[in-house]
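What follows is the residue order along each chain.
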Amino acid sequence: MTVAERTMTAAEFDAWAALPENRDHSYEFIGGRIVEVVSNQESSFYGSYLVGLLAVYVRAHKLGFTTGADGGYMVSGERYIPDGAFVSRARQSKPSRQAYSSIAPDLAVEVLSPSNTPDEIRIKIANYLLAGTTVWLVDADRERIEVYAPGAPVRVLRSGDSLDGGSLLPGFAVAVADILTTQE
């Protein structure tokens, strides 16, 4: 849900987000506009499951760290709160205490929810790619995961496919069907 209809600068957003009445809410700054992050249990389920798998793998292999749906990042001058993210140890040794880390993640997990608009998602993916971030876009309604990597064509994965970590997370793999199911 867009909060402010007028466009603003990142500095104006940062000042606005720091106001006491806004600190307890989750906001993104997309395309010059303030967007409140609103999700639902289903979207959160897919995101937390995938980020949980990532967190265990990343920690076991000492690759860096992961963040969940409250970890904010500065990406190409904007402010994003992906459903999950991975940052390699080589780029940042430990998580930032800032509301929006100044380092874009290596990998962002975005799960589509009813409040996402197509324009916002396109802007976010383009900016992630400009920042060198790989994006896993989970689209549960269409039963697919889209993989966007800098300099590579988009890959669309369906239930018979496997999502792998590529060069970012060597050896990580999970069946797309396992991610997109809500029942055992």
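Residues numbered from 1 in each chain as written. Predicted model: local features only at pLDDT ≥ 70, side-chain atom pairs only at ≥ 80, totals over all residues. Heavy atoms only, no water.

Visitor: Where do I start with the sheet that holds strand E11 (residues 155-157) in this structure?
Guide: Each strand in a sheet pairs with its neighbour through backbone hydrogen bonds, running either in the same direction (parallel) or in the opposite one (antiparallel). Taking strand neighbours across the sheet as the criterion, the six strands line up as E3-E6-E8-E9-E10-E11 in an open arrangement whose pairing is mixed. At either end of the open sheet lies a strand with only one pairing partner, and these are strand E3 (64-67) and E11. On average, each strand axis in the sheet is tilted by 15° relative to the strand beside it, whichever way the strands run. Of the pairings in the sheet, the one linking strand E9 (residues 134-139) to strand E10 (residues 144-148) comprises five bridges and is antiparallel in character. Across the sheet, Leu137 pairs through a bridge with Glu146, a residue of E10. Contacts from helix H3 (residues 118-130) reach strand E8 (107-111), E9 and E10 within the one sheet, and its direction differs from that of E9 by about 155°. (Pairing = 2+ DSSP bridges. Helix = DSSP H or I, 4+ residues; strand = E, 2+ residues; numbered from the N terminus. Axes fitted to C-alpha atoms, helices over the stretch in contact; angles between N-to-C directions. Contact = heavy atoms within 4.5 Å.)

Visitor: It is not clear to me how the pairing of strand E4 (residues 72-75) should be interpreted in this structure. Could you clarify?
Guide: In the case of a regular strand, side chains alternate between the two sheet surfaces. Sheet topology places E4 next to strand E7 (residues 100-101); two bridges connect them, and they run parallel. Bridge pairing links Gly72 to Tyr100 in E7. Of the strand pairs in this sheet, E4 and strand E5 (residues 78-80) are connected by three bridges, and their pairing is antiparallel. Within the sheet, the bridge partner assigned to Met74 lies in E5 and is Arg79. Here E4 folds back onto E5, and the loop between the two strands holds two residues, one of which, Ser76, carries a positive phi near 50°.

Function cannot be read off these values alone, since they describe shape.
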